[in-house]
Amino acid sequence: MCRTKSYRGGAMRDPGMIGAAFIAAIGVATVAAPAFAGDTLTTLASFNGTNGAVPIAGLTLSGGTLYGTTLYRGAGGYGTVFALPVTGGTPTTLASFNVTNGAWPEAGLTLSGGTLYGTTYVRGANGDGTVFSVPVTGGPMTTLVTFNGANGASPYAGLILSGATLYGTTSQGGANGDGTVFAVPISGGPAVTLATFNGTNGKSPHTGLTLSGSTLYGTTYLGGSSDFGTVFSLPIAGGTPTTLVSFNGTNGAEPWAGLTLSGSTLYGTTLAGGASNGGIVFSVPAAGGAPTTLVTFNNANGAVPYGGLTLSGNTLYGTTYEGGAYGDGTVFSVPVIGGTPTTLASFKGTNGANPFAGLLTISGNTLYGATANGGANNDGTVFAVTIPEPASWALLAVSAAAGLLLLRRRRCAKA
């Protein structure tokens, strides 16, 4: 070991001690994980009925603009498509639903080029919902698909785009009335049924799909061996869904949201089940197998996670519809390996209430989402949550300490 040496009547300080003292002086104990005490929630918009109400879907980000849907109100009375600057302000209504062109858009939007694509839960020509498109600048809406029961009905979920084809799910309809997976050309045309659910292999998918290679992944809200829902996979060409997980209450129940894929692992949420029956965050191999419970919600740390997850680095971010400090829901984070969730924000009505969707967009260190209720008019909000990045002083401290440690080793080698 290299000890301190006499230097002009005193002790020459150990360079390692200098690094430690420097770190202590700027108040940095460790930099392994950033603290979240300084996280901030900003309300970017409050809906007022005229410009829509009850935004229950996630948001789509393009450049400096957020795009989304509201379930109710607007000029036609049955929901809207809106645009909003990421800096906040008054939402711009791009389209209003009026029953004829669909009603009650439950899901978010998919953007391709200058066009937004989405679904409405009901109405259209046959009353069973639609697939639509609308320019990002607003203007006439185009109905790409009208569901009729036989080809599916009541699409809760949004769409994914691969090549020139849109893929999605309907929560009802199909051969057994338990929902379908469908495909439709981006230019419109008859919907192609890729799979029909029958209860045993799942029932009532409320979620969009995740695509990896030539395989689609998703969840069903009900069905499976215990009728608490499933995780399934399906070839993109269609066929019989493969059940990867059947939820049984203990390992979660009633997955409402879609899945996030990282490597060979799928991550998701169930809105019920788990140790406290407040829902869970889970992971499961994409090849199937027993799910791993990463988080159990207990109301204090949130409850009823309807929304899916956003992955950044090794951290999952999501929302809970209820629970937290004020009972109106939370924004949370949890490591991909699981553990105790960190509450990044608690909703309390004035800043929004009851986030239904997940944080489906992330930009830099900012997460964006919507609440179904609360805000200035209790018609819902769009919000942003800023996650502090490790302070530059902390990084400087690590660099200084590393340099001093290297200097120490060189001096020790000469001693």
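Not measured: the values here are computed from a predicted model.

Draft legend 1. Spatial organisation of the overall build of the protein chain. Counting its regular elements, the protein chain contains 2 helices and 30 strands. Split into buried and exposed, the 415 residues of the protein chain put 52% on the buried side. For the protein chain, the proportion of contacts with a sequence separation of at least 24, taken over those separated by at least 6, is 42%.

Draft legend 2. Structural view of unusual backbone geometry. Although it is not a glycine, Val 99 adopts a positive phi angle of roughly 85 degrees. The topology assignment puts Val 99 in the loop between strand 7 (92-96) and strand 8 (110-112). We classify Val 99 as buried; its relative accessible area is 17%. Here the phi dihedral of Ser 154 falls at roughly 60 degrees; this positive angle occurs in a residue that is not glycine. Tracing the backbone through its elements, the reader meets Ser 154 in the loop between strand 11 (142-146) and strand 12 (160-162).

Draft legend 3. Broad picture of the sheet that holds strand 14 (residues 180-185). Pairing within the open sheet is antiparallel, and its 4 strands lie in the order 12-13-14-15. Two strands close off the open sheet at either side, each with one partner strand: strand 12 and strand 15 (192-196). With direction set aside, neighbouring strand axes in the sheet form an average angle of 25 degrees. Bridge analysis of strand 12 against strand 13 (residues 165-170) gives 3 bridges, and the strand direction is antiparallel. Paired with Ser 162 across the bridge in strand 13 is Thr 165.

Draft legend 4. Inspection of the layout of surface pockets at higher detail. As a volume, the largest pocket reaches approximately 890 Å³. Forming the boundary of the largest pocket are 39 residues, of which Gly 158, Thr 207, Gly 208, Gly 258 and Leu 360 lie nearest the centre. Within the residue set of the lining of the largest pocket, elements represented by two or more residues are strand 4 (60-62), strand 16 (210-212), strand 20 (260-262) and strand 24 (310-312).

Draft legend 5. Just the confidence of the model for the protein chain, in detail. Residues at a pLDDT of 70 or more form 83% of the protein chain, whose mean pLDDT is 87. Below a pLDDT of 50 lies the segment residues 1-39, which in the model reaches 44 contacts outside its immediate sequence neighbourhood of four places, other chains included. For the stretch residues 390-415, pLDDT sits under 50, and the model shows 23 contacts to residues farther than four places along the chain or on other chains.

Draft legend 6. Local environment of the pairing of strand 29 (residues 366-371). Within strand 29, 6 of the 6 residues are buried, which leaves it mostly tucked inside the rest of the structure. Neither face of strand 29 is left uncovered, since the one carrying Thr 366, Tyr 368 and Ala 370 and the one carrying Leu 367, Gly 369 and Thr 371 both have all their residues buried.

Draft legend 7. View of the nonpolar core. By size, the foremost hydrophobic cluster in this structure holds 18 residues, and its most contacted members are Val 54, Ile 56, Trp 256, Leu 271, Val 304, Tyr 306 and Phe 356. When near neighbours in sequence (up to four residues on either side) are disregarded, Val 304 contacts Leu 271, Gly 278, Thr 320, Tyr 321 and Glu 322.

Draft legend 8. Just the sheet that holds strand 20, in detail. In space, the 4 strands of this open sheet follow the order 20-21-22-23, with antiparallel pairing throughout. Since the sheet does not close on itself, it has two edges, and those belong to strand 20 and strand 23 (292-296), each with one partner. Looking at each pair of strands side by side, their axes are set apart by 25 degrees on average, direction ignored. Relative to strand 22 (residues 280-285), strand 21 (residues 265-270) runs antiparallel, the two sharing 6 bridges. For Thr 269, the partnering residue across the bridge sits in strand 22 and is Val 281.

Draft legend 9. The pairing of strand 30 (residues 381-386), seen in detail. Within strand 30, 5 of the 6 residues are buried, which leaves it mostly tucked inside the rest of the structure. Where strand 3 (residues 40-46) and strand 30 come together, 6 bridges link them in antiparallel fashion. In the sheet register, Ala 45 faces strand 30, and the bridge partner there is Val 382.

Draft legend 10. Layout of the environment of Phe 356. Tracing the sequence through the fold places Phe 356 in the loop between strand 27 (342-346) and strand 28 (361-363). Excluding its chain neighbours within four sequence positions, the residues that come into contact with Phe 356 are Ile 56, Trp 256, Tyr 306, Gly 307, Tyr 321 and Ala 370.

Draft legend 11. The arrangement of the packing of aromatic side chains in detail. Taken as a whole, this structure holds 16 aromatic pairs when the rule is applied. Look at Phe 47 and Phe 82: their rings are 5.0 Å apart centre to centre, the planes differ by 65 degrees, and that puts the pair in the edge-to-face class. Here Phe 47 is found in the loop between strand 3 and strand 4, whereas its partner Phe 82 is found in strand 6 (residues 80-85), with 35 residues between them in sequence. A single burial state applies to Phe 47 and to Phe 82, both of which are buried. Geometrically, the ring pair formed by Phe 97 and Phe 132 is edge-to-face, given 5.1 Å between the ring centres and 70 degrees between the ring planes. Of this pair, Phe 97 sits in the loop between strand 7 and strand 8 while Phe 132 is found in strand 10 (residues 130-135), placing the two residues 35 residues apart along the sequence. For the pair shown, Phe 97 and Phe 132 are each scored as buried.

Draft legend 12. Spotlight on the side chain of Thr 260. Residue position: Thr 260 is located in strand 20. For Thr 260, a relative accessible area of 13% puts it in the buried group. Within the local environment of Thr 260, its side chain forms a polar contact with the backbone oxygen of Leu 309, the two atoms lying 2.7 Å apart. Apart from residues lying up to four places away in sequence, Thr 260 is in contact with Thr 265, Leu 266, Tyr 267, Leu 309 and Leu 311.

The rules behind these values
Residues numbered from 1 in each chain as written. Predicted model: local features only at pLDDT ≥ 70, side-chain atom pairs only at ≥ 80, totals over all residues. Heavy atoms only, no water. Helix = DSSP H or I, 4+ residues; strand = E, 2+ residues; numbered from the N terminus. Buried < 20%, exposed > 50% of the residue type's maximum accessible area, 1.4 Å probe, protein only. Contact = heavy atoms within 4.5 Å. Pairing = 2+ DSSP bridges. Axes fitted to C-alpha atoms, helices over the stretch in contact; angles between N-to-C directions. 1 Å grid on protein atoms, 1.4 Å probe; cavity = no way out; pocket = protein on both sides within 12 Å on 5 of 7 lines; lining within 4 Å. Points joined across faces, edges and corners; volume = space filled by probe spheres on them. pLDDT = per-residue confidence, 0-100. Core = buried A, V, L, I, M, F, W, Y, C linked by side-chain atoms within 4.5 Å. Phe/Tyr/Trp six-rings, centres within 6.5 Å; stacked < 30°, edge-to-face > 60°. Polar contact = N/O pair within 3.5 Å; in protein donor to acceptor, adjacent residues only side chain to side chain.

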